[in-house]
Amino acid sequence: MSEIITTDVLVIGAGLAGERAAISASAEGNEVIILSLVPPRRSHSCAAQGGMQAALGNCAKGEGDSEELHWLDTVKGSDWGCDQEVARIFADTAPVAMREMAHHGVPWTRVKGGPAEYFIKGEKVTIEEPHEKEGLIMHRDFGGVSRWRTCYTADGTGHTILYTMDNMVMQLGITVHDRMEAISLIHEGGKCYGAVVRCLRTGALKAYLAKATVIATGGFGRIYKYSTNAIINQGTGQSISLDTGLVPLGNMEAVQFHPTGIVPTDILVTEGCRGDGGFLLDIDEYRFMPDYEPDKQELASRDVVSRRMTEHIHKGKGVPSPDGEHLWLDLRHLGENHLRTKLREVYDICMYFLGVNPIKELVPVRPTQHYSMGGIRVNKDGHAYSLNGLWSVGESSCWDLHGMNRLGGNSLAETVVAGMFCGQLMGEWANKQSLELNSGLATEAIAEQQLRIEKLINGCAGEVNENVNNLLNEAQETLQEKVGIFRKGDELEEAVVRLRELYKRSLNLKLSSSSKGANPEMALALRLPGMIKLGLCVAKGAFLRTESRGGHSREDYPERNDRDWLKRSLARWPVGAEEPEISYEPVGLLESPPGQRGYGGAENIPMEESVSEYNDQVKDKWIKEGWQDTANPLGSGLKEMVEYASTKES
């Protein structure tokens, strides 16, 4: 008899977004169970260094900041690809979330009144910090922003916030089942009932049934060969959603490469290094970014800095090494005290993973896959398209706060803002539902996954049995080489063809081991077909998007095309299909019309209608196509969105 566990809310993923959503759902009176691949405090959220964006305006360089400016920076940073109402919700809620976390014990770095020394645009300056703001949350500079607004705890922000959040989970008595992995969603008739879960210790399969199922599994960076993501970031949440054949993934072609992954390990060193005054140097130890971006310099947005670094390497200015060409990050002028306090984690990473002392030596860096703007498409409440009862928050979702490029500090803030905002709405929704204990459906779903496992152990009769590690390497290399920072149509087409072939081969895997319990090969084999499917969604979406916008940069289509491409891609994978189907929806109603970002220097093809005309067309499309509820793209926000837009227009 299969084991079936019931709860009101099932949260899959115990990073910041998952734990914050669980706290909100619990506060609404729901019983909550959190599942995690690892003990929660080892979640990848713990690796985040630099900080969280929130318009508090506490320090001298943050003076005059506001939610309005944060919203506008977010829209510009997205290259006008985000949902502008979601960006508004985020910017308005972030200050509340930061102060709440201070209340719960996050040890934010604080303002110290009086003279303070900073490096700004390469120059050492002294600024008088306001005495009346002494003790309030301090900010540092990050790329693409008009004010200093990144709240931080030295360079261990993710670490301190995750530990604080996990303390709250324990204090509230929320149940956590770690070393458990959801391998499929249980659904029928357009409704999600829960998930089939595999114990990573024993291999046992269980069914978890819930009123609401929340996916918060983070990103999928490990589909690339070189990534700053943890090994566990293999896109399990996105994959099992795609496997339903119903739930679309939004903007999968939008992949962010962080400028400063260290070489050769590709571990991230924070944008705070450049925000605090670090320089990028070439083989001649020449500071090149002011030549490309005179105003923002090293602090243009990440997509721009990564492209400029790559351009500079292509000009022959990279530093050769056995692990490929790189550039230098120079932190020496910041001084030992700064590096051992405000950038202490960066100091330790350089010392222990590279054997480089950043106080005295240059740090080798290169742009490295870092973040996925794409994910499970949800409405503004966090409810997934097309599957009632499925929700998603954090990097696993496409809320869509980030559009085609996210600003540094916005994603870490999104984890707690979306967890708080969407988690509360989800908790209220769950309170109105009744738990349906469909044991027959759960038993069938477990049996289907058990057959998958037996097939992996025994192989496929009459077929060529494939090795899981070989296929993973081929898929990662294809994405790394063909779907990188700069993209071309012919290479993207080759990637689609290659990944399609690899996906077919991944259906004929055979393990070299037979253990069903603590078996990393088994875990990878269960994930691999889904990882390749995600890669195909990225590659096909990138091939079809014939423009350059944010992190998606086409050498053969260098202009941002607002006339034809002011829309979001949706990738669905019909059951039994060999590749995804790509469709499109509007980015949403516009308050801020597309314009120049103030950095990047790209040419734009302008939209042909006015903002008012565009919004009218979008509203007409929503109404005519009946986009309502969670079964269709706008979700439950149609009425509110139309009213919101009408208010703004008046």
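Just above, that's the structure.
Residues numbered from 1 in each chain as written. Predicted model: local features only at pLDDT ≥ 70, side-chain atom pairs only at ≥ 80, totals over all residues. Heavy atoms only, no water.

(A) Main features of the overall build of the protein chain. Scanning the protein chain from N- to C-terminus turns up 17 helices and 25 strands. A globule of 650 residues ought to have a C-alpha radius of gyration of about 26 Å, and the protein chain, at 24 Å, matches this closely. If you line up the protein chain on its principal axes, its C-alpha atoms span 70 × 60 × 55 Å. Across the 650 residues of the protein chain, 62% fall into the buried class. Expressed as a percentage of contacts within the protein chain between residues at least 6 apart in sequence, the contacts between residues at least 24 apart total 72%. Total accessible area computed for the protein chain in this model is approximately 23200 Å², and 49% of it derives from carbon and sulfur atoms. Within the protein chain, the 90 negative side-chain charges are centred at a point lying 2 Å from the centre of the 69 positive side-chain charges. (Helix = DSSP H or I, 4+ residues; strand = E, 2+ residues; numbered from the N terminus. Rg over C-alpha atoms; globule rule 2.2 N^0.38 Å. Buried < 20%, exposed > 50% of the residue type's maximum accessible area, 1.4 Å probe, protein only. Contact = heavy atoms within 4.5 Å. Areas by Shrake-Rupley, 256 points an atom, 1.4 Å probe, with all protein chains shown as cover. Lys, Arg positive; Asp, Glu negative; His and termini not counted. Charge placed at Lys NZ, Arg CZ, Asp CG, Glu CD.)

(B) Spotlight on helix H15 (residues 520–544). Here H15 spans 35 Å end to end across 25 residues, near enough to the 36 Å set by a 1.5 Å rise per residue. The sharpest bend along H15 measures roughly 40 degrees and falls at Leu528, with the proline Pro529 sitting one to four residues further on. (Expected span 1.5 Å × (residues − 1). Bend = angle between axes of the 7 residues up to and from the residue.)

(C) A look at the nonpolar core. With 130 residues, the main nonpolar core has Met52, Met98 and Trp399 as its most contacted residues. Residue contributions to this core peak at 13 residues, all from H15. Core analysis: the next-biggest nonpolar cluster, separate from the first, contains 30 residues, Val145, Leu329, Tyr347 and Val356 among them. (Core = buried A, V, L, I, M, F, W, Y, C linked by side-chain atoms within 4.5 Å.)

(D) Quick peek at the sheet that holds strand E15 (residues 327–330). What the four strands build is an open sheet, ordered E13-E16-E15-E14; its pairing is antiparallel. Edge positions in the sheet fall to strand E13 (255–262) and strand E14 (279–281), since each has one partner strand and no second. When the angles between neighbouring strand axes are averaged without regard to direction, this sheet yields 45 degrees. Of the pairings in the sheet, the one linking E13 to strand E16 (residues 363–372) comprises six bridges and is antiparallel in character. (Pairing = 2+ DSSP bridges. Axes fitted to C-alpha atoms, helices over the stretch in contact; angles between N-to-C directions.)

(E) Inspection of the packing of helix H12 (residues 439–458) against H15 at higher detail. For the pair H12 and H15, interaxial distance at closest approach is 11 Å and the crossing angle is 115 degrees. In this structure, H12 meets H15 at a crossing whose hand is right-handed. Listed contacts from H15 to Arg452, Ile453, Leu456 and Ile457 of H12 are Met522, Ala525 and Leu526. Looking at the contact of H12 with H15 residue by residue, the class counts come to six nonpolar, no polar and one charged. (Left-handed = near helix turned anticlockwise from the far one by under 90°. Nonpolar A, V, L, I, M, F, W, Y, C, P; charged D, E, K, R; others polar.)

(F) View of the packing of aromatic side chains. Tallied over the full model, the rule gives seven aromatic pairs. For the pair Tyr503 and Trp573, a centre-to-centre distance of 5.1 Å together with 65 degrees between the ring planes defines the contact as edge-to-face. Taken together, the positions of Tyr503 in helix H14 (residues 489–506) and Trp573 in the loop between strand E23 (567–572) and strand E24 (581–586) put the pair 70 residues apart, joining distant regions of the chain. A relative accessible area of 2% means that Trp573 is categorised as buried. Positioned above the aromatic ring of Tyr152, the side-chain terminus of Arg140 is 4.0 Å from the ring centre. Lys567 extends its terminal NZ or CZ atom over the ring of Tyr584, reaching a point 5.0 Å from the ring centre. (Phe/Tyr/Trp six-rings, centres within 6.5 Å; stacked < 30°, edge-to-face > 60°. Lys NZ or Arg CZ within 6 Å of the ring centre and 35° of its normal.)

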